[in-house]
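One letter stands for each residue in the lines below.
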Amino acid sequence: MWRLRRAAVACEVCQSLVKHSSRTKGSSPLQKLHLVSRSIYHSHHPTLKFQRPHLRTTFQQFSSLTNLPLRKLKLSPVKYGYQPYRNFWPARLAARLLKLRYLVLGSAVGGGYTAKKTFDQWKDMIPDLSDYKWIVPDIVWEIDEYIDFEKIRKELPNSEDLAKLTPDLDKIVESLSLLKDFFTTGSPGETAFRATDHGSESDKPYRKVSDKEKIDQLQEELLHTQLKYQRILERLEKENKELRKLVLQKDDKGIHHRKLKKSLIDMYSEVLDVLSDYDASYNTQDHLPRVVVVGDQSAGKTSVLEMIAQARIFPRGSGEMMTRSPVKVTLSEGPHHVALFKDSSREFDLTKEEDLAALRHEIELRMRKNVKEGCTVSPETISLNVKGPGLQRMVLVDLPGVINTVTSGMAPDTKETIFSISKAYMQNPNAIILCIQDGSVDAERSIVTDLVSQMDPHGRRTIFVLTKVDLAEKNVASPSRIQQIIEGKLFPMKALGYFAVVTGKGNSSESIEAIREYEEEFFQSSKLLKTSMLKAHQVTTRNLSLAVSDCFWKMVRESVEQQADSFKATRFNLETEWKNNYPRLRELDRNELFEKAKNEILDEVISLSQVTPKHWEEILQQSLWERVSTHVIENIYLPAAQTMNSGTFNTTVDIKLKQWTDKQLPNKAVEVAWETLQEEFSRFMTEPKGKEHDDIFDKLKEAVKEESIKRHKWNDFAEDSLRVIQHNALEDRSISDKQQWDAAIYFMEEALQARLRDTENAIENMIGPDWKKRWLHWMNRTQEQCVHNETKNELEKMLKCNEEHPAYLASDEITTVRKNLESRGVEVDPSLIKDTWHQVYRRHFLKTALNHCNLCRRGFYYYQRHFVDSELECNDVVLFWRIQRMLAITANTLRQQLTNTEVRRLEKNVKEVLEDFAEDSEKKVKLLTGKRVQLAEDLKKVREIQEKLDAFIEALHQEK
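Rules of the game
- Residues numbered from 1 in each chain as written.
- Predicted model: local features only at pLDDT ≥ 70, side-chain atom pairs only at ≥ 80, totals over all residues.
- Heavy atoms only, no water.
- Helix = DSSP H or I, 4+ residues; strand = E, 2+ residues; numbered from the N terminus.
- Contact = heavy atoms within 4.5 Å.
- Areas by Shrake-Rupley, 256 points an atom, 1.4 Å probe, with all protein chains shown as cover.
- Core = buried A, V, L, I, M, F, W, Y, C linked by side-chain atoms within 4.5 Å.
- Buried < 20%, exposed > 50% of the residue type's maximum accessible area, 1.4 Å probe, protein only.
- Polar contact = N/O pair within 3.5 Å; in protein donor to acceptor, adjacent residues only side chain to side chain.
- Phe/Tyr/Trp six-rings, centres within 6.5 Å; stacked < 30°, edge-to-face > 60°.
- Lys NZ or Arg CZ within 6 Å of the ring centre and 35° of its normal.
- Salt bridge = Lys/Arg side-chain N within 4 Å of Asp/Glu carboxyl O.
- Disulfide = S-S within 2.5 Å.
- Patch = residues over 30% accessible without salt bridge, like charges linked within 9 Å, V, L, I, M, F, W, Y side chains within 5 Å.
- Lys, Arg positive; Asp, Glu negative; His and termini not counted.
- Charge placed at Lys NZ, Arg CZ, Asp CG, Glu CD.
- Axes fitted to C-alpha atoms, helices over the stretch in contact; angles between N-to-C directions.
- Parallel < 35°, antiparallel > 145°, perpendicular 65-115°, else oblique.
- Left-handed = near helix turned anticlockwise from the far one by under 90°.
- Nonpolar A, V, L, I, M, F, W, Y, C, P; charged D, E, K, R; others polar.
- Pairing = 2+ DSSP bridges.
- Expected span 1.5 Å × (residues − 1).
- Bend = angle between axes of the 7 residues up to and from the residue.
- pLDDT = per-residue confidence, 0-100.

Draft legend 1. Seen up close, the overall build of the protein chain. The secondary structure content of the protein chain amounts to 34 helices and nine strands. Taking the intrachain contacts of the protein chain between residues at least 6 apart in sequence as the baseline, contacts between residues at least 24 apart amount to 80%. As displayed, the protein chain offers around 53300 Å² of accessible surface, 52% of which is attributable to carbon and sulfur atoms.

Here it is in structure tokens:
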């Protein structure tokens, strides 16, 4: 019995080996016992310098999928019992040689069995690639025709065969015990007791140390396994990205005609663009999801977006505000990494640095254009589409960074404007809020978390992102503070998920690939993962983009159909309102109304060329005479008529006509022609068209008319040519026939009668109402009017005494009139006498001239025969004939310039104005207003939104 006990003690390790082998049979492949670890823990390994008692320890966990190098186990020092010196060294050598033989045999058999089990488990772990057969070459799926894997599996030994090959350990233990007892001296019981006692003493301290090491090793092994899987996943994603790129390129060439997933996000982005035009304030009409990126200024919002978009697409600056208006970025798949704006066809290649610089410059220009004068930020959105292989499909909106203090150079309301823009986007109940927090600064300095917690107090649609974690881990004294931030314990804000990312080393010239490599290297060695403060799925921007994309599409699927139903109801209400208010009108929106008005205006401009020459000349002649009649009567005719003989009269007239023609007349004629063109153009533009007239276009037509006239300038060479023509016309004095003579007399009578009427009105206003108006209308004269009336009566008495009186009063005559008035108790001033005399004498002269004009009707006979009759001199008739002929020739010349040149130039200006107005949406909104326009506009937008939503929902169902 004592021999059997010794044999059991001697081969306890071998029995433990068999037990461990059977225990690990059904365990995970990540917990297989490495073969090398068996020899390390074997108590009778031949490499040991002296015999050790058995150490009870567990095996080391190690991933069979990892390629990481083996780590040396740190074993605590073990106290080994004292072995007495023996003289039978040949026996000891033989025992150890026998032991080595069986150990080698057992290791070989166990290794084969372990290899078979490992192969079976690997085969079970390989994923089903049947869905990806179109990616993998056909030869991969046909390899089983060339290699018989089933035959190989059958050739491997099973558990029963291995059991047969395994030696009888009980017999081995018995034989070794006999040899050991044969060469060993001393009491058997004492030896067994000593061996057992030493083993128990050495086991106690070792068991405590090995448990601690086991925990550390398992944690480190788990971390390296996760990182290893992450690298494998990234490698597979990269390969998938390249294959996807090839497939998309083939689709572009028309090889495969199937709907790709990238069309979904493009359709959804179009819906959002239409919604932004329809409901700019993001009220209840727009509840479709977006990923709204908010954060403090310089917190890293733009850098996170660039990492997700895989390109440096945004302008950047050190410490200054760069995002001045919201930027909507639509990410989608595509064969090439490109970016393009919503309203532009130019594509920017994001793989080329010059295109990236041009894109950043264009975004900066658009932002500055959106910002109005006196402001710092703008609520107008810039729409940008970014396509590329492997991009996660989503719509993100980058908002201006939230600031705490308004600095110099900013508008006073900048802080409030940023808050209002952020709230407008975040109050959408389906908007996903991506809250960016700078991890390198104190959490107490952040103000964006309070804003987010107000808009989403329960954190049902908020994702918290801590940026610059590398700086935070380096600078923060307490790493647990980062954990508190990530878990949301330092803020009142709640969130769906918490992420930590690294956005580079602070160098703006870093590439996206370099930043990603730096991010991975940091988290591989970060204490945040080693100490389990962060989980592996909570780090890197890649995991963040995957989580945001999943959340985005989940909310899209949950809300899009509800939004479609809401717009169907809105459309029904709008259509009903239109039928009740405008049953006989078509539903024309603002752009369609503008096109209709544009055609009408162009038709009216063309109608100017259809005006008859006679009508043009009549209008021009009449307008020109109205403009120059005062000058002709007052400055030419009246001064010349005061002369005593015909020679002096003609000389005075010639001199004054020459001066007038050289300085004023051509300019006046061009002004009259331009005003006449404007009047005719305005008449055509504003003239009611009867029942077809639509007053909704009146404001637009008036604006087009004013702007066109403002831009139009008459040809500068017109005055020079006109001056020569007018000068030649005024030099001619020969009236050829009686008809022209009578026409001149009629023209003269009309001119003098018009002046006489004006003079009568002036005298009436000066002296007040006459006796008839005073009696019938109970009107009275003022004191001043009474004085003027007395003065007028006194001056008329003077004219009756001398009807040939000259045009001016002598000083003694003024004194006489004043004395006569004072004798009747009327105090007058000499200036009042002169003013009254001017009107009285003018009326007297015009009446005399009209009488003389009537006498000259028979004067053509004397004029034609050059008879000089002192009693009948009709030089004034010849003067008015010259003026009349000049007016006719000038009108004809201006008419030719109008029809040949100016009308066409005006038509060209009108077209340019209409084109400018067509591109100015604000102008159209201002000029085409009213309930009818707004109702048609809303109805068109709602129909467009509903159609796009229906198409998107159909595509979404097809994707499922």
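There's plenty left to go through after this.
Draft legend 2. Spatial organisation of the nonpolar core. Ranked by internal contacts, the top residues of the largest apolar core, which has 98 residues, are W625, Y637, W660, I883 and V910. With 17 residues, the top contributor of residues to this core is helix α32 (residues 875-919). Among residues more than four places away in sequence, those in contact with I883 are W625, V632, L657, W660, L730 and F747. Among the nonpolar cores identified, the runner-up in size contains 68 residues, and L331, M367, L434 and L956 belong to it.

Draft legend 3. Structural detail: the side chain of H712. Its place among the elements puts H712 in the loop between α24 (698-711) and α25 (718-731). Here N909 takes part through its side chain, which lies 3.2 Å from a polar atom of the side chain of H712. When neighbours within four sequence positions are excluded, H712 is seen to be in contact with W674, E902, R905, L906 and N909.

Draft legend 4. Just the side chain of T302, in detail. Relative to the helices and strands, T302 is located in helix α11 (residues 301-309). With residues up to four places along the chain from it excluded, the contact list for T302 reads F314, T323 and D398.

Draft legend 5. How the structure looks around unusual backbone geometry. Even without being glycine, Q310 reaches a positive phi, approximately 65 degrees. For Q310, the location among the structural elements is in the loop between α11 and β2 (327-332). The backbone phi angle of K468 is positive, close to 55 degrees, even though this residue is not glycine. Tracing the chain through its elements places K468 in the loop between β8 (462-467) and α15 (469-475). K468 gets classed as partly exposed once you look at its relative accessible area, which sits at 22%.

Draft legend 6. Spatial organisation of the packing of aromatic side chains. Scanning the entire structure with this criterion turns up 15 aromatic pairs. Between F341 and F348 the ring centres are 6.0 Å apart and the planes differ by 90 degrees, which places this aromatic pair in the edge-to-face class. Classification of F341 as buried rests on a relative accessible area of 2%. Grouping aromatic residues by their ring pairs yields a cluster made of W625, Y637, F747, W837, Y841, F845 and F880. Cation over ring: K924 sits above F594, and NZ or CZ is 5.6 Å from the ring centre.

Draft legend 7. The pattern of salt bridges, seen in detail. Scanning the entire structure with this criterion turns up 41 salt bridges. The shortest N-O distance in the salt bridge between D398 and K301 comes to 3.2 Å. In this pair, D398 is assigned in strand β6 (residues 394-398) and K301 in helix α11, connecting sequence segments 97 residues apart. Residue classification places D398 among the buried residues on the basis of a relative accessible area of 0%. With relative accessibility at 5%, the residue K301 sits in the buried group. For the salt bridge of R627 with E671, the shortest nitrogen-to-oxygen distance reads 3.3 Å. Note that R627 is positioned in helix α21 (residues 613-641) and E671 in helix α23 (residues 665-686), a separation of 44 residues in sequence. For E671, a relative accessible area of 33% corresponds to the partly exposed category. Salt bridges sharing common partners tie together R571, E575, E587 and R943.

Draft legend 8. Focus on the state of the cysteines. One pass over the full model with this rule turns up one disulfide. Between the sulfur atoms of C856 and its disulfide partner C874 the distance amounts to 2.2 Å. Judged by the sign of its S-S torsion, about -100 degrees, the cystine formed by C856 and C874 is left-handed. One end of the pair, C856, is in the loop between α30 (830-855) and α31 (860-864); the other, C874, is in the loop between α31 and α32, and 18 residues separate them in sequence. For the pair shown, C856 and C874 are each scored as buried. Just so you know, C853 is unpaired, no disulfide at all, and the nearest cysteine sulfur is the one on C856, 6.6 Å from it.

Draft legend 9. Region of interest: a negative patch on the surface. Among the surface-exposed residues, E380, E912, E915, E919, D920 and E922 lie close enough to one another that they form a single negatively charged patch. Examining the composition of the negative patch, we find that three residues originate from one element, α32, more than from any other. The residue E380 is located in the loop between α12 (353-370) and β5 (382-387) in this model. In this structure E380 comes out as partly exposed when scored by relative accessible area, which is 35%.

Draft legend 10. Molecular detail of the packing of α25 against α32. Running from amino to carboxyl end, α25 crosses α32 at an angle of 155 degrees, the nearest separation of the two axes being 9 Å. Relative to α32, the element α25 lies roughly antiparallel. Considering the relative orientation of α25 and α32, their crossing is right-handed. Where α25 abuts α32, its residues A718, S721, L722, I725, Q726, A729, L730 and E731 lie against R882, I883, R885, M886, I889, T890, T893, L894 and Q897. Broken down by class, the residue content of the contact of α25 with α32 amounts to nine nonpolar, five polar and three charged.

Draft legend 11. Looking closely at a positive patch on the surface. Positive charge collects at one region of the surface, where K699, K710, K923 and K926 lie side by side. When residues of the positive patch are traced back to their parent elements, those giving at least two are α24 and α33 (921-927). Relative to the assigned elements, K710 resides in helix α24. K710 sits in the exposed class, given a relative accessible area of 63%.

Draft legend 12. Representation of a nonpolar patch on the surface in the model. There is a patch of nonpolar side chains on the surface, built from W771, W775 and L776 and spanning about 470 Å² of accessible area. Locating W771 in the fold gives a position in helix α27 (residues 771-777). The exposed category is assigned to W771, whose relative accessible area is 56%.

Draft legend 13. Spatial organisation of the pairing of β5. The element β5 is largely enclosed, with a buried count of five among its six residues. Judged from the six bridges that link them, β2 and β5 form a sheet pairing that is parallel. Along β5, the bridge assignment pairs V329 with L384.

Draft legend 14. Just the environment of R393, in detail. Relative to the helices and strands, R393 is located in the loop between β5 and β6. For R393, a relative accessible area of 12% translates into the label buried. Spatially, the C-alpha atom of R393 lies 9.5 Å from that of L546, the residues being 153 residues apart in sequence.

Draft legend 15. Highlighting the pairing of strand β9 (residues 497-500). Residues G497 and F499 of β9 are buried on one face, and the alternating residues Y498 and A500, pointing to the opposite face, are buried as well. Of the pairings in the sheet, the one linking β8 to β9 comprises four bridges and is parallel in character. By the bridge assignment, F464 is partnered in β9 with Y498.

Draft legend 16. Region of the structure containing α21. For α21, built from 29 residues, the straight-helix expectation of 42 Å at 1.5 Å per residue is missed by more than 12%, its first-to-last C-alpha distance being only 36 Å. The sharpest bend along α21 comes to roughly 50 degrees, located at V628.

Draft legend 17. Focus on helix α13 (residues 414-426). In this model α13 runs 18 Å from its N-terminal to its C-terminal C-alpha over 13 residues, within 8% of the 18 Å that 1.5 Å per residue would give. Tucked inside the fold, the buried residues of α13 contact β1 (291-295), β6, β7 (432-438) and α14 (448-455).

Draft legend 18. Highlighting the confidence of the model for the protein chain. In this model, the protein chain carries an average pLDDT of 75, and 69% of its residues clear a pLDDT of 70 or more. Per-element confidence in the protein chain ranges from a low mean pLDDT of 31 for helix α3 (residues 35-41) to a high of 92 for strand β4 (residues 348-349). This model gives residues 182-209 a pLDDT under 50, and the stretch forms 28 contacts once residues within four places in sequence are excluded. Segment residues 253-262 is flagged for pLDDT under 50; beyond a separation of four residues in sequence, or across chains, it makes 18 contacts in the model.

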